[in-house]
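Chain and residue survey
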Amino acid sequence: QVQLVESGGGLVQAGGSLRLSCAASGRTFSTYIMGWFRQAPGKEREFVARISWSAGSTYYADSVKGRFLISRDNAKNTVSLQMNSLKPEDTAVYYCAAAWEVTTTPNRYHYWGQGTQVTVSS
């Protein structure tokens, strides 16, 4: 069992930055893939970024590539999402999730946090 808790969401002006954090506890995370997803009203849950605990390999959705940066701190069991140059279309609830394999598919992630709201005003 893995428990995930997101934090760092809030209201920011377009062009601004936010840093989200995901605190993980429970089972060992060395073989897990950690992902960030988001869901805006009326839209399906969307992949944002992922990272492997072991190697730190990263992958980003085209919509955030060059603006967002995912990282992990193995000692603290945390995964962060640094969001820069934010746009109104980035407004969504952001979720941290854990998978057993390299994937961008939401239903392949078995553990989820409660989400944190990010609102970008124009």
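It should be noted that the structure appears before, not after, this text.
These numbers were taken from a predicted model, which means no experiment stands behind them. (Residues numbered from 1 in each chain as written. Predicted model: local features only at pLDDT ≥ 70, side-chain atom pairs only at ≥ 80, totals over all residues. Heavy atoms only, no water.)

1. Structural notes on the sheet that holds strand β7 (residues 68-73)
- Taken together, the four strands give an open sheet; going across it, the order is β1-β3-β8-β7, and neighbouring strands pair in antiparallel fashion. Of all the strands in the sheet, just β1 (2-7) and β7 have a single pairing partner and so form its edges. The sheet shows a mean angle of 15° between the axes of neighbouring strands, taken without regard to direction.
- In this structure, β7 lies alongside strand β8 (residues 78-83), joined through six bridges in antiparallel fashion. From the neighbouring strand, Leu69 faces β8, where its bridge partner is Gln82. (Pairing = 2+ DSSP bridges. Helix = DSSP H or I, 4+ residues; strand = E, 2+ residues; numbered from the N terminus. Axes fitted to C-alpha atoms, helices over the stretch in contact; angles between N-to-C directions.)

2. Observations concerning the side chain of Gln82
- The topology assignment puts Gln82 in strand β8.
- A distance of 3.3 Å separates polar atoms of two side chains, one belonging to Gln82 and the other to Arg19.
- A polar atom in the side chain of Gln82 sits 3.0 Å from the side chain of Asn84.
- Once residues within four sequence positions are removed from consideration, Gln82 is found in contact with Ser17, Leu18, Arg19, Arg67, Phe68 and Leu69. (Polar contact = N/O pair within 3.5 Å; in protein donor to acceptor, adjacent residues only side chain to side chain. Contact = heavy atoms within 4.5 Å.)

3. Considering the pattern of salt bridges
- Considering all chains together, one arrives at five salt bridges under this definition.
- The closest approach of N and O atoms between Asp90 and Arg38, which form a salt bridge, is 2.9 Å. Here Asp90, found in the loop between β8 and β9 (92-99), pairs with Arg38, found in strand β4 (residues 33-39); they are 52 residues apart in sequence, far enough to count as distant.
- Note on Asp90: relative accessible area 1%, which makes it buried.
- The partner of Asp90 in a salt bridge is Arg67, with the nearest N and O atoms 2.8 Å apart. Here the residue Asp90 occupies a position in the loop between β8 and β9, and Arg67 occupies one in the loop between β6 (58-60) and β7, the gap between them amounting to 23 residues. One exposure class covers both Asp90 and Arg67, and it is buried.
- The network of salt bridges with shared partners includes Arg38, Glu46, Arg67 and Asp90. (Salt bridge = Lys/Arg side-chain N within 4 Å of Asp/Glu carboxyl O. Buried < 20%, exposed > 50% of the residue type's maximum accessible area, 1.4 Å probe, protein only.)

4. Details of the packing of aromatic side chains
- Applying the stated criterion across every chain yields a total of seven aromatic pairs.
- Judged by centre distance (5.7 Å) and plane angle (75°), the rings of Phe37 and Phe47 are edge-to-face. Here Phe37 is found in strand β4, whereas its partner Phe47 is found in strand β5 (residues 46-52), with 10 residues between them in sequence. The same class applies to Phe37 and to Phe47, which are both buried. (Phe/Tyr/Trp six-rings, centres within 6.5 Å; stacked < 30°, edge-to-face > 60°.)

5. Things to note about the environment of Tyr109
- Examined against the element boundaries, Tyr109 turns out to sit in strand β10 (residues 109-112).
- Exposure remark for Tyr109: the relative accessible area of 4% places this residue in the buried category.
- Between the C-alpha atoms of Tyr109 and Ala97, which are 12 residues apart in sequence, the distance is 6.1 Å.
- Not counting the four nearest positions on each side in its chain, Tyr109 is found in contact with Ile33, Met34, Gly35, Phe37, Arg50, Ala97, Ala98, Ala99, Thr103 and Thr104.

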